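Each chain, letter by letter, is given below.
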Amino acid sequence: MESFVSELIAWGPAGMFVAAFLAGSFFPFSSEVVMLGLLGAGADADGLLWWGTAGNTLGSLFNYGVGTLGREDWITRYAKVPPDKLERGKRYVQRYGPWAGLLAWIPLLGSVVTVALGYLRVNVFTSMLTITAGKFARYYLLVYAYAVAS
């Protein structure tokens with residue numbers, strides 16, 4: 001895994017996009033390590049913010065698409081979302097609708113929320129707006145914290 005992360009860092013902004021896509025989807029990956037590595041290597045923070053947000057949002061759109069398949073057994077088997085977490089995610093999304101997308105940045109919970117958004121067929125456009133806002137805020141805070149600490 002360490003060599004994969006090193007390779008992504010070597011790819012620069014494209015590596016950030018790939019890392020963010022993986023982290024935004026239900027694949028277990030941490031894009032923060034790649035972003036911090038790129039920031040440490042002197043990459044443009046604004047560019048990383050946008051590439052990270054785009055990749056992470058598209059990863060969530062992938063999850064949304066998995067959710068639209070509409071088969072809970074597939075979601076639990078292939079997306080590895082436990083049935084109890086899927087039920088919690090569905091209840092949350094039913095209560096808050098597309099606003100639930102604001103929490104898509106939270107590891108693990110975000111994947112459950114985005115799969116549930118697709119499963120419940122919540123409007124994809126408004127869902128992606130809220131998801132993008134949450135993902136942008138997450139990366140903005142990471143870039144800001146790095147800048148303050150440097």
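My aim in this report is to walk through the structure given alongside it, one point at a time. (Residues numbered from 1 in each chain as written. Predicted model: local features only at pLDDT ≥ 70, side-chain atom pairs only at ≥ 80, totals over all residues. Heavy atoms only, no water.)

1. Description of the nonpolar core
The biggest cluster of nonpolar side chains holds 16 residues, and the ones touching the most others in it are M16, F29, V34, M35, L48 and Y139. At the level of secondary structure, the elements contributing two or more residues to this core comprise helix 1 (2-10), helix 2 (13-24), helix 3 (31-40), helix 4 (45-68) and helix 8 (124-149). Setting aside anything within four residues of it in sequence, one finds V34 in contact with V5, L8, I9, G15, M16, A19 and F29. Residues A100, A104, V113 and M128 belong to the second largest nonpolar core, which totals 10 residues. (Core = buried A, V, L, I, M, F, W, Y, C linked by side-chain atoms within 4.5 Å. Buried < 20%, exposed > 50% of the residue type's maximum accessible area, 1.4 Å probe, protein only. Helix = DSSP H or I, 4+ residues; strand = E, 2+ residues; numbered from the N terminus. Contact = heavy atoms within 4.5 Å.)

2. Points about helix 7 (residues 109-119)
Counted residue by residue, helix 7 has nine buried out of 11 residues, so it is predominantly covered. Taken together, the buried positions of helix 7 are G110, S111, V112, V113, T114, V115, A116, L117 and G118. At the exit of helix 7 stands R121, carrying a positive phi of roughly 55°.

3. A short note on the environment of E32
Tracing the chain through its elements places E32 in helix 3. By relative accessible area, E32 is classed as partly exposed at 22%. For the pair formed by E32 and P83, sequence separation is 51 residues and the distance between their alpha carbons is 28 Å. Leave out the neighbours within four places in its chain, and E32 touches R138 and L142.

4. Side note on the packing of aromatic side chains
Counting across every chain of the model gives 10 aromatic pairs. Taking the centre distance of 5.1 Å and the plane angle of 35° together, the rings of F26 and F27 count as tilted. Judged by its relative accessible area of 37%, F27 falls in the partly exposed class. Taken together, the ring pairs in this structure connect F21, F26, F27 and F62 into an aromatic cluster. For R138, the ring lying beneath its charged end belongs to Y139, and the centroid distance is 5.1 Å. (Phe/Tyr/Trp six-rings, centres within 6.5 Å; stacked < 30°, edge-to-face > 60°. Lys NZ or Arg CZ within 6 Å of the ring centre and 35° of its normal.)

Bear in mind that shape data such as this cannot, by itself, settle questions of function.
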